[in-house]
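Read off the chains here:
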Amino acid sequence: MSNSGIHEADGCSIRPLFVCHKGFHKQMNVDVLLGLQWGDEGKGKVVDVLTPEYDLVCRFQGGPNAGHTLEFNGQKYVLRSVPSGIFQGGKVNIIGNGVVLDPALFKAEVEQLKASGHPLTNRLLISKKAHLILPTHRLLDAANEAAKGNSKIGTTGKGIGPTYTDKISRNGLRVGDLLDNFDAKYKAAIARHETILHQMNFSYDLAPLEKTWFEGIECLKEFTFIDSEHYINQALKAGKSVLCEGAQGTMLDVDFGSYPFVTSSNTICAGACTGLGVAPRSIGNVYGIFKAYCTRVGSGPFPTELFDETGQALRDNGHEYGSVTGRPRRCGWVDLVALRYAIMINGVTDLIMMKSDVMDNFDTIKACVAYRVKGVETEDFPFDINEGVEPVYTEIPGWKTDMSHVQSENEFPEEFNNYLSFLEDELGVRIKIVSVGPDREQTIIRYND
Ligand code: GDP
Ligand code: IMO
Ligand code: MG
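Just so we're clear, the structure is a prediction, and the values are computed from it rather than from any experiment.

Conventions adopted
Residues numbered from 1 in each chain as written. Chains lettered and ligands numbered in written order. Predicted model: local features only at pLDDT ≥ 70, side-chain atom pairs only at ≥ 80, totals over all residues. Heavy atoms only, no water. Helix = DSSP H or I, 4+ residues; strand = E, 2+ residues; numbered from the N terminus. Buried < 20%, exposed > 50% of the residue type's maximum accessible area, 1.4 Å probe, protein only. Donors = N, O, S within 2.8 Å, 3.2 Å for Na, K, Ca; no water. Core = buried A, V, L, I, M, F, W, Y, C linked by side-chain atoms within 4.5 Å. Contact = heavy atoms within 4.5 Å. Near = heavy atom within 4 Å. Polar contact = N/O pair within 3.5 Å; in protein donor to acceptor, adjacent residues only side chain to side chain. Areas by Shrake-Rupley, 256 points an atom, 1.4 Å probe, with all protein chains shown as cover. Nonpolar A, V, L, I, M, F, W, Y, C, P; charged D, E, K, R; others polar. Phe/Tyr/Trp six-rings, centres within 6.5 Å; stacked < 30°, edge-to-face > 60°. Lys NZ or Arg CZ within 6 Å of the ring centre and 35° of its normal.

*Asks:* Pulling in residues and values, what's your account of the environment of Glu387?
*Replies:* When you line up the elements, Glu387 lands in the loop between β19 (376-378) and β20 (389-397). Residue classification places Glu387 among the exposed residues on the basis of a relative accessible area of 68%.

Written out as structure tokens, the structure reads:
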């Protein structure tokens, strides 16, 4: 794969630090794991599985719009702001500067984890530069959605867009602001938001939101706030390795996703650089994760969406209901045009395929290999997929085998191997991991280079 290719050509070995024959030091011990579709690919599960290989696990963007599910020892956990490396002992977990944090939801998450025997205080560090989601950001999110009427985005309602808007317009409040004269800054921000809410004729009751928010602030203050860019770079210098955990997915990226039906952050690999302060040359492996089919929640285009009983079968078999909102996820066939685009944007070195077990009973499986746009077939992802994009499908025989108990690649049925080869040929990248169920154990790692 591209990564191993580069190293072979350079005659170098990786991790933790290596010296090229040209004589300069190069750090390549940051790996990134991110979603290639519209989110909910299974990032949380795989970050948890890969964490033993790393020293630090860091979230770099998004906020509690994420819901990352992990299952082990018969228990299920859903993480929203806390990185998914938290359940593997002895690892440092960091909420990076690119993340937006809601203290009220953070407190609920911390308390849930504590109640289930996973206290966090000494294992989670928070960037001073992470932006705070204020109670009024959530109200503004709701007001913006209401104002959009039929063209609403279908946001998670967590205040993500307004918080990033304030960050970019240089009006945001950061975790580090809690350390100095916070009340005045908070009041000024709330006053500004309330003016907008009044202009929008949006009625609301701020007091109960503020109460839980300030309780959340007290919880947040029990954690250590750090200059995470320094911390991470010092760790890298000391030879430590870092796994960056993406939230959402490439098709929800604010620049490259199905705009305007996207989230408000850069969900792509470059987001790990800006969201943690790691240099682009530090990035080694980029793990691109996708479902063997495709889902999306909220509004917006979805070329391969199925409205028939096959779509319902995917939803039922895959339990495709939002892990945070419970909203039914829209389901469809895998979209290789969008995946190729996502692989290109992220420089994916290895693919991770999730939830193939969901299609165990299918006679045939379809994969979208091209789009027909205004009658013209193309394999390139177009500027706008909002209208007039028709998928062109290839059919592949199903494997008709219960994959959930498969323990190794040797047990894969022939048809399943054919599906993997077909995808690797179409996408030009190897599939490193195949997931055959939600549990940590239901994970097959096909190679280790
Ligand atoms: P994330 O946001 O990318 O972390 O993904 P979510 O947690 O929102 O959604 C993935 C869902 O699929 C969760 O309910 C997982 O427990 C579940 N899951 C993950 N991998 C597999 C798999 O291989 N098979 C099945 N059947 N479920 C899986
Ligand atoms: P994880 O990390 C799936 C979607 C919302 C909406 C759009 C914008 O669990 O994969 P926002 O609240 O971010 O302003 O909503 O993005 N969305 C997600 N969809 N998984 C997620 O996160 C998502 N986070 C946001 O449904 O369409
Ligand atoms: Mg999710």
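*Asks:* So, the coordination of the magnesium ion (ligand 3): which residues are in play, and what are the values?
*Replies:* Around the magnesium ion (ligand 3), the donor atoms from the protein are Asp40 (OD) and Gly67 (O), and they sit 2.1 to 2.2 Å away. Placement of Asp40 in the loop between β3 (30-35) and α2 (43-50) and of Gly67 in the loop between β4 (56-59) and β5 (68-72) is noted, with a sequence separation of 27 residues between them.

*Asks:* Account for the nonpolar core, naming residues and giving values.
*Replies:* One broad rule of soluble globular proteins: the nonpolar side chains tend to lie buried together. Grouped together as the largest cluster of nonpolar side chains are 59 residues, with contacts concentrated most on Ile232, Leu336, Leu351, Met353, Met359, Tyr419 and Leu423. Top contributing element to this core by residue count: helix α12 (residues 414-427), with six residues. In this structure Leu351 touches Leu36, Gly288, Phe290, Ile343, Leu427, Val429, Arg430, Ile431, Lys432 and Ile433, once residues within four positions along its chain are discounted. Grouped together as the second largest cluster of nonpolar side chains are 37 residues, Leu79, Ile95, Leu132 and Leu173 included.

*Asks:* I'd like to hear about the site of ligand 1, residue by residue, with values.
*Replies:* In the vicinity of ligand 1, 20 residues are found, and the nearest of them are Gly42, Lys43, Thr69, Asp357 and Ser435. Take Arg329: an N or O atom from its side chain is 3.2 Å from an oxygen atom of ligand 1. Separating an oxygen atom of ligand 1 from a side-chain N or O atom of Lys355 is a distance of 2.9 Å. In the complex, 94% of the free accessible area of ligand 1, which totals 580 Å², lies under the protein chains. Listed by contribution, the elements that provide at least two residues to the shell around ligand 1 are α2 and β5. Its residues assigned to classes, the shell around ligand 1 shows four nonpolar, eight polar and eight charged.

*Asks:* Summarise the packing of aromatic side chains; cite the residues concerned and give the values.
*Replies:* What characterises a pair of aromatic rings is the spacing of the ring centres plus the angle enclosed by the ring planes. Here the structure, examined in full by the defined rule, presents 16 aromatic pairs. The interplanar angle of 25° and the centroid separation of 4.5 Å between the aromatic rings of Tyr341 and Phe381 together place this pair among those described as stacked. Taken as a pair, Tyr341 in helix α11 (residues 336-346) and Phe381 in the loop between β19 and β20 lie far apart in primary sequence, 40 residues in all. Under the relative-accessibility criterion, Tyr341 is labelled buried at 18%. The class of Phe381 is buried, set by a relative accessible area of 15%. Seen in terms of ring centroids, Phe412 and Phe416 are 4.8 Å apart; in terms of plane orientation they differ by 75°. Their pairing is edge-to-face. Residue class for Phe412 comes out buried when judged on its relative accessible area of 6%. The ring of Tyr447 is capped by Arg430, whose NZ or CZ atom sits 3.8 Å from the centre of that ring.

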